[in-house]
Amino acid sequence: MDAEIELKLFIQSQHHDFLKKILNEYPNSTPQGQKKLTNGYFDTDDLQLRRWDMGLRVRGFDNQLEQTIKTAGRVVGGIHSRPEYNVSINQKMPVLSLFPTEIWPVGNDLDSVSRSLKCIFETNFERQTWHIYLNDSLIEVALDVGEIIAQHKIDPICELEFELLAGDTSALIQLAREVAKSVPFRLGKASKAQRGYQLAGKSKPFSIESIDHVCLPKNNNVPQALSAILETAIERWQLIENILVTVTDDVERQSVLWGELRRCVRLLRLTLNQFGLLEKHISPLFDHLERALEFVGPLQSCCLLLQDDANMLANISNKAVVCQQLENHINAMSISTQLASIWQHAEYGQLQLALVDLLLTTENGQHQFSQEPELDLFANKLQQASWKRIGKLMPITSAMSSEDYQDVADALDESILVGFAYGEIYPAKKREAFRLPWQDLALGISTLSAYKILRLLSELHQLDIDTWLDNKETSLLFAMEQSRKSALKVPIYW
């Protein structure tokens, strides 16, 4: 058995030549040549191997055939760790009995599974490799370019893999971060096998569940809580990327996904700052991504106005014209190309790699925290600081205008994120009673931002809706002021 540990990155084809130049010239790098790999992935019609969390492949290379089975493993960020078993064979159909008997689930009917095997999809690609010594570690770097083929459908392969042959896992991240200074990447969560099953229609489309709070460790351990928050946010970020690629024609869903992606990024930054880990070289990477995501707020505002057949605009006499201008405004944002555009920024992949590095070093116990001995005390301190800040920004004795509310939007979102990160620690009933009015206020602020965009469009295109906007904004502000003053009186739950 081999324990495969590799870091997978996705790269765009226009950067291939420059990447090869970097790897050829990298210190202690030895090019290993190029070979063509053909791969058939096998399973039963009812996906028995996949249900066992196994992946079966027959690979052809240099006039040889090798069957490989990978068993259950773990993906942290873009680092894939799975046990695998390799056996040389002389036929294109795999022979399950050649693998060790102990890897199979108890009570399996291996003969029946063997008879039912069929090729589900293929991956065929050119692989160029380098061996690079870094400190005391040996890393194989592989550039894979080709395609996944399933039922006459094709999905391109364009990946860079860093596999640890000897040494420490941290060397994978160190080398990848050096390369990422020059070439744009993004972390690769989905393996070729996962993508193949998707393409073959043998697995459900990527989806993301709504969660009320991060699932934290039960042992009140602060470093483990940090790991849980980082891993949750990074995993959701990568999953959202995968979904965004597939929903390019659904603007409303893209708006929700982009909002959730930005929320993950902000949670990561907030958490690192809370733990004193927001290093000087990481903060500018967050700044760069925040600027790239500036379209998200206006996109969400426009979609808020257009949702439910633009019900919010029901009483406007020229509703159709207003809706058309909102749609034009969205089209001008080029939402379908935003992801590809952001991926072109080297800072995007650099940030992802830096975050995975922090996650791994946290899990390895390389960060010591002296703020509080117990998680609940640490969380209480964070909740109180956040609450105190909101109280100063939104004092109960002062009236707030539309501009005032929009000015505190980011601070309120940050406070809500603190509750999201540590909410599991507290009794649900008290927690939700406190949080609900603040979440309503956040929605109110989003609506005020939407009205602001409508005013701009009205001025540009003479929509003649200023009176309607004045009335709607006045009514909403009155309701928000009452909600805010009530919310400030709700007992804290920490």
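Our subject in this report is the structure included herewith. (Residues numbered from 1 in each chain as written. Predicted model: local features only at pLDDT ≥ 70, side-chain atom pairs only at ≥ 80, totals over all residues. Heavy atoms only, no water.)

As for the overall build of the chain
1) Next: The secondary structure content of the chain amounts to 17 helices and 10 strands.
2) Next: In terms of its C-alpha atoms, the chain occupies a principal-axis envelope of roughly 80 × 55 × 50 Å.
3) Next: Within the chain, the proportion of its 494 residues that are buried is 50%.
4) Next: Contacts spanning at least 24 positions in sequence make up 74% of the contacts within the chain whose residues lie at least 6 apart.
5) Next: Element-wise, carbon and sulfur atoms account for 49% of the exposed surface of the chain, whose accessible area totals about 23,500 Å².
6) Next: In the chain, 49 side chains carry a positive charge and 64 a negative one; their mean positions are 2 Å apart. (Helix = DSSP H or I, 4+ residues; strand = E, 2+ residues; numbered from the N terminus. Buried < 20%, exposed > 50% of the residue type's maximum accessible area, 1.4 Å probe, protein only. Contact = heavy atoms within 4.5 Å. Areas by Shrake-Rupley, 256 points an atom, 1.4 Å probe, with all protein chains shown as cover. Lys, Arg positive; Asp, Glu negative; His and termini not counted. Charge placed at Lys NZ, Arg CZ, Asp CG, Glu CD.)

Digging into the state of the cysteines
1) Next: For the coordinates displayed, the defined rule picks out zero disulfides.
2) Next: C215 carries a free sulfur, and the closest cysteine sulfur to it, the one in C264, is 16 Å from it.
3) Next: Residue classification places C215 among the exposed residues on the basis of a relative accessible area of 56%. (Disulfide = S-S within 2.5 Å.)

Some points on the pairing of strand β8 (residues 137-150)
1) Next: For β8, the tally of buried residues reaches 10 of 14 residues, placing the bulk of the element in the interior.
2) Next: Note that strand β7 (residues 118-134) and β8 share 13 bridges and pair antiparallel. Within β8, the position partnered with T129 by the bridge is A142.
3) Next: The sheet contact formed by β8 and strand β9 (residues 153-166) spans 13 bridges and is antiparallel. Residue pairing for β9: E140 is matched across the bridge by E163.
4) Next: Between β8 and the antiparallel strand that follows it, β9, lie two residues; Q151 among them carries a positive phi value of about 50 degrees. (Pairing = 2+ DSSP bridges.)

Thoughts on the pattern of salt bridges
1) Next: By the definition in use, this model includes 29 salt bridges.
2) Next: Among the salt bridges present, the one from K218 reaches E424, with a minimum N-O distance of 3.4 Å. In this pair, K218 sits in the loop between α5 (192-199) and α6 (222-246) while E424 sits in the loop between α15 (409-422) and α16 (428-461), placing the two residues 206 residues apart along the sequence.
3) Next: Accessibility expressed as a relative area gives 73% for K218, which makes it exposed. (Salt bridge = Lys/Arg side-chain N within 4 Å of Asp/Glu carboxyl O.)

Let's talk about the pairing of strand β6 (residues 79-89)
1) Next: Summarising the sheet, strand β4 (residues 64-70) and β6 pair through six bridges and their orientation is antiparallel. Residue E66 lies in a different strand from β6, and its bridge partner there is S88.
2) Next: Two strands pair when backbone bridges link them, and strand β5 (residues 74-76) and β6 are joined in this way by three bridges, in the antiparallel orientation. Looking at β6, one finds that V76 is bridged to I79.

Side note on the packing of α6 against helix α7 (residues 251-274)
Angle between the axes and distance between the axes: these two values describe a pair of packed helices.
1) Next: At a minimum axis separation of 9 Å, α6 and α7 run at an interaxial angle of 155 degrees. As the angle between them shows, α6 and α7 are arranged roughly antiparallel. Like other packed secondary-structure pairs, α6 and α7 cross with a definite hand, here left-handed. Residues L226, I229, L230, A233, I234, R236, W237, I240, I243 and L244 of α6 pack against R253, Q254, L257, W258, E260, L261, C264, V265, L267, L268, T271 and L272 of α7.
2) Next: Among the residues forming the contact of α6 with α7, the class breakdown is 17 nonpolar, two polar and three charged. (Axes fitted to C-alpha atoms, helices over the stretch in contact; angles between N-to-C directions. Parallel < 35°, antiparallel > 145°, perpendicular 65-115°, else oblique. Left-handed = near helix turned anticlockwise from the far one by under 90°. Nonpolar A, V, L, I, M, F, W, Y, C, P; charged D, E, K, R; others polar.)

Quick notes on the environment of D464
1) Next: Within the fold, D464 resides in the loop between α16 and α17 (466-487).
2) Next: For D464, a relative accessible area of 73% puts it in the exposed group.
3) Next: C-alpha separation for the pair D464 and I316, spaced 148 residues apart in sequence, amounts to 9.7 Å.

Focus on the packing of α7 against helix α9 (residues 296-310)
1) Next: It is at 9 Å that the axes of α7 and α9 come closest, and there the two elements cross at 140 degrees. When the axes of α7 and α9 are compared, the pair comes out oblique. By crossing handedness, the relation of α7 to α9 is classed as left-handed. Across from V251, E252, S255, W258, G259 and R262 in α7, the residues of α9 making contact are V296, G297, L299, Q300, C303 and Q307.

Regarding the nonpolar core
1) Next: The biggest cluster of nonpolar side chains holds 132 residues, and the ones touching the most others in it are W258 and Y422.
2) Next: In terms of residue count, α6 provides more of this core than any other element does, 13 residues in total.
3) Next: Each residue touching W258, except ones within four places of it in the same chain, is listed here: L244, L293, F295, V296, L299, I335, Q338, L339 and I342.
4) Next: Ranked by size, the runner-up nonpolar core spans 16 residues in total, among them M54, Y85, L96 and L117. (Core = buried A, V, L, I, M, F, W, Y, C linked by side-chain atoms within 4.5 Å.)

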